[in-house]
Amino acid sequence: MSDRSVNDGSTDDGTVNGGTVSDGSSNEIIQEVTDFLTAALRRPVGPDDDYFALGLADSLFALELVTFVESRFSLTVEVEDLDLDSFRTANRITRFVQRKTGTPEFTEASPEFTETP
Amino acid sequence: MNGAAEGAERPGRPDAPEGESSPVAAAARFAVDVRARAAEWDREGRLPTSVRKEVAAAGLLAPDLPVRYGGSEITPSQLGAICAHLGGVCSALRGLVTVQGMVAAALNRWGTREQRAQWLHRLAGGELIAGFAATEEAAGSALSAVRTRIEDAGDGEHVTVTGRKRWITFGQVAQVFLVLGQDQGKPAAVLVEADREGVSTQPVSGQLGMRAAQIAHIGLDSVRVPRRNLVAPAGLGLSHVAATALDHGRFTVAWGCVGMAEACVEDATVHAAARMQGEVALADHQSVRSLLARAAVETAGARELACRAAEFRAGGAQRGVTETIVAKYAAAAAAASASRDAVQILGSAGCEPDSRAGRHFRDAKVMEIIEGAQQVAEQHIAEALLRRYAAPRPAARSERVPS
């Protein structure tokens, strides 16, 4: 899936590598997440695109997304974590992963970031 | 067993190396013991209470649950083998294992620690029989259309559940239902005990198949249920709770169908070898051999796909969702065609009231409809293909939320 054009260019470092364990940097996580989303939804997905609101997600997608996040980042999504809002955009998933794995320094990979106070 | 056991004996075959005390061996023995009684259960439209208790005592209810919740922590392959053994003699019996497993899987995955502690032991021990109450008049394959309402009762501690559920397997005897509804427009799941005021059951009889599965339509009339019975936050009742249950259900149905198809191939072959017409055995007709060969190959293919799904599932929770859909699709089709051909070869014997092939023929048709009809499975399988091989579509109209 890493051969796909991923998003609107707002994530940039190009360190995607689908076969290795992430070192936890937010850019790497968000790249992997947007790669997964783009492949699963068959559309380019930007870091703040709400694919549930866009109606792109089919009935099995939500479970697949949880499974992807669990297996790729070696964590367990508990029911206590199960807030749809944590999973509605790539940026939010990235924050969720960092919260669960305790990796620091989340930097927004959002084009709006500079425009938002 | 998983990928590492490639080439080893597949569980579920009569010669599979299983310890005497394993749940798989127990299922094999159980299937042999009840084989002669299944036709009677079908005719009478019920599994005797004692049989449900024996199934529980043999450790065949939710045996894949963790040991700490009363399960045996068996592998997906072992669970599959159990369902093949039971499905080969009685689909209703396999259905009992399926439904209990679906509700247990959903609670194990998405229940809170307290909910797991409260419910799972009792499900695994058979102290409680569970029903999965999703289907409604206007919501079959498209479960997002469910209209059952889950509403705040106003006291901060309860919700009320109102709606009508249909075709609930073992709904006549289930003591608790996992109900799919809408909570303020969001899909939500809630456990409703059958003895609560406002719960009514309407037994269904004479339906095409699964006649011993004690199916019922369930009425829920402003049933007050404590909030602690809500499973997962509102919004996730369908995409997570029901989806986990249905994924588990498809897996056990797939294996049940493998058992049905194998039983039909066996019955048809035995009959074809023994039955003489005009001094020629049926098995000496090329056309009969052709039917047998096709059924045998389709059945063997279904078993391999079910094994493949089991291997994927051994990788962890929710792995192998698509592989399970493929297996269920293939196995339901194999059971339907093998049972059809078995009835054809058996002739009048296949049409007798207590014919095993005839019963499997009726039950197999149901398997092509439940837990996602064949056409729904095709949609998903094709979608997975498109993801893999087709180029992404253009970017969607942007709808962004602040992160």
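Below, the structure is looked at part by part. Since we're looking at a predicted model, the values are computed, not measured. (Residues numbered from 1 in each chain as written. Chains lettered and ligands numbered in written order. Predicted model: local features only at pLDDT ≥ 70, side-chain atom pairs only at ≥ 80, totals over all residues. Heavy atoms only, no water.)

Take the overall build of chain A next. Scanning chain A for helices and strands turns up three helices and zero strands. Shown N-terminal to C-terminal, the secondary structure of chain A runs as helices and strands in the order α-α-α. Counting every position in chain A, which comprises 117 residues, the buried fraction comes to 55%. In chain A, of all internal contacts separated by at least 6 residues, the share reaching a separation of at least 24 is 58%. Summed over all atoms, the accessible surface of chain A reaches about 5,000 Å², with 48% contributed by carbon and sulfur. (Helix = DSSP H or I, 4+ residues; strand = E, 2+ residues; numbered from the N terminus. Buried < 20%, exposed > 50% of the residue type's maximum accessible area, 1.4 Å probe, protein only. Contact = heavy atoms within 4.5 Å. Areas by Shrake-Rupley, 256 points an atom, 1.4 Å probe, with all protein chains shown as cover.)

We now examine the interface of chain A and chain B. Taken together, the contact between chain A and chain B spans 38 residues of the former and 40 residues of the latter. Where chain A abuts chain B, roughly 3,400 Å² becomes buried across the two surfaces, and 52% of that area is made up of carbon and sulfur atoms. A per-residue breakdown of the area chain A buries against chain B is headed by Arg42, Leu63 and Leu82 of chain A, which together make up 23% of the total. One can count four salt bridges joining chain A with chain B. With a shortest N-O distance of 3.7 Å, glutamate 383 of chain B and arginine 42 of chain A are connected by a salt bridge. Run the count over chain A and chain B and you get four residue pairs in polar contact (both at pLDDT 80 or more). Elements supplying a minimum of two residues to the side of chain A that touches chain B: helix H1 (26-41), helix H2 (61-72) and helix H3 (90-101) of chain A. No other element matches H2 of chain A, which puts seven residues into the side of chain A that touches chain B. For the side of chain A that touches chain B, the residue count by class is 16 nonpolar, five polar and 17 charged. (Buried area = accessible area lost by both parts, 1.4 Å probe. Salt bridge = Lys/Arg side-chain N within 4 Å of Asp/Glu carboxyl O. Polar contact = N/O pair within 3.5 Å; in protein donor to acceptor, adjacent residues only side chain to side chain. Nonpolar A, V, L, I, M, F, W, Y, C, P; charged D, E, K, R; others polar.)

Our focus in this paragraph is the state of the cysteines. Residue and element names in this part refer to chain B. For the structure on display, the rule yields zero disulfides over all chains. Between cysteine 83, a cysteine without a disulfide, and cysteine 257, which holds the nearest cysteine sulfur, the sulfur-to-sulfur distance is 10 Å. On the basis of relative accessible area, cysteine 83 is assigned to the buried category, the value being 0%. Cysteine cysteine 307 shares no disulfide, and the gap to the nearest cysteine sulfur, in cysteine 83, comes to 13 Å. Classification of cysteine 307 as buried rests on a relative accessible area of 5%. (Disulfide = S-S within 2.5 Å.)

Turning our attention to the packing of aromatic side chains. Aromatic rings considered in pairs are described by the distance between their centres and by the relative angle of their planes. A full pass over the atoms with the stated rule returns five aromatic pairs over all chains. Here phenylalanine 87 of chain A and phenylalanine 96 of chain A contribute two aromatic rings whose centre-to-centre distance is 5.1 Å and whose plane-to-plane angle is 50 degrees, an arrangement assigned as tilted. Among the aromatic side chains, those forming a connected cluster through ring pairs are Phe36, Tyr51, Phe61, Phe68 and Phe73 of chain A. Directly above the ring of phenylalanine 73 of chain A sits arginine 72 of chain A, whose terminal nitrogen or CZ lies 6.0 Å from the centroid. In this arrangement the basic side chain of arginine 109 of chain B is found over the ring face of tryptophan 110 of chain B, its NZ or CZ atom lying 4.0 Å from the centre. (Phe/Tyr/Trp six-rings, centres within 6.5 Å; stacked < 30°, edge-to-face > 60°. Lys NZ or Arg CZ within 6 Å of the ring centre and 35° of its normal.)

On to the packing of helix H5 (residues 91-110) of chain B against helix H6 (residues 113-124) of chain B, then. All names here are of chain B. Closest axis-to-axis distance for the H5/H6 pair is 10 Å, and the angle between their directions is 160 degrees. Between H5 and H6, the angle is such that the two are roughly antiparallel. Handedness of the H5/H6 crossing: left-handed. In this structure, H5 contributes Gln100, Val103, Ala104, Leu107, Asn108 and Trp110 to the contact, and H6 contributes Gln115, Arg116, Trp119, Leu120 and Leu123. Class assignment for the residues of the contact of H5 with H6 results in seven nonpolar, three polar and one charged. (Axes fitted to C-alpha atoms, helices over the stretch in contact; angles between N-to-C directions. Parallel < 35°, antiparallel > 145°, perpendicular 65-115°, else oblique. Left-handed = near helix turned anticlockwise from the far one by under 90°.)

One finds Trp41, Val55, Leu93, Val161, Val190 and Val192 of chain B to be the most contacted residues of the largest nonpolar core, which totals 89 residues. Take this core: its biggest share by element is twelve residues, from helix H7 (residues 237-274) of chain B. When sequence neighbours within four positions are dropped, the list of residues in contact with valine 161 of chain B reads Thr148, Arg149, Ile150, Val179, Val190, Val192, Leu220, Asp221, Ser222, Val223 and Val225 of chain B. Grouped together as the second largest cluster of nonpolar side chains are 62 residues, Leu63 and Leu65 of chain A together with Leu180 and Ala242 of chain B included. (Core = buried A, V, L, I, M, F, W, Y, C linked by side-chain atoms within 4.5 Å.)

Moving on, we come to the side chain of serine 22 of chain B. Among the secondary structure elements, serine 22 of chain B is positioned in the segment before helix H1 (23-34). Residue serine 22 of chain B is classed as buried on the basis of its relative accessible area, which comes to 11%.

To continue, consider helix H9 (residues 321-346) of chain B. Look at H9 of chain B: 37 Å from first C-alpha to last across 26 residues, which is about the 38 Å you get at 1.5 Å a residue. Just past H9 of chain B, the residue glycine 347 of chain B takes up positive phi, approximately 60 degrees. (Expected span 1.5 Å × (residues − 1).)

All names here are of chain B. Its place among the elements puts histidine 248 in helix H7. Overall, the relative accessible area of 6% leaves histidine 248 in the buried class. In contact with histidine 248, not counting residues within four places along its chain, are Asp64, Leu79, Gly101, Met102, Ala105 and Arg313.

Looking now at unusual backbone geometry. Residues and elements named next belong to chain B. Of note, phenylalanine 170 is a non-glycine position whose phi angle comes to about 60 degrees, a positive value. For phenylalanine 170, the location among the structural elements is in the loop between strand S3 (158-168) and strand S4 (176-183). The phi torsion at glutamine 184 lies on the positive side, around 50 degrees, for a residue other than glycine. Looking at the element boundaries, glutamine 184 is found in the loop between S4 and strand S5 (186-193).

On to the pattern of salt bridges, then. Residue and element names in this part refer to chain B. A full pass over the atoms with the stated rule returns 21 salt bridges over all chains. The residue aspartate 42 makes a salt bridge to arginine 362 at a minimum N-O spacing of 2.7 Å. Highlighted residues: aspartate 42 in helix H2 (residues 38-44) and arginine 362 in helix H11 (residues 356-367), separated in sequence by 320 residues. Residue aspartate 42 shares its accessibility class with arginine 362, and that shared class is buried. Residue arginine 340 is joined to aspartate 341 by a salt bridge in which the shortest nitrogen-to-oxygen separation is 3.6 Å. The class of arginine 340 is partly exposed, set by a relative accessible area of 47%. Looking at aspartate 341, the relative accessible area reads 13%, which means it is buried.

Turning our eyes to something else, we now look at the environment of valine 77 of chain A. Within the element layout of this structure, valine 77 of chain A appears in the loop between H2 and H3. Along the chain, valine 77 of chain A and threonine 67 of chain A lie ten residues apart, while their C-alpha atoms are 8.7 Å from each other.

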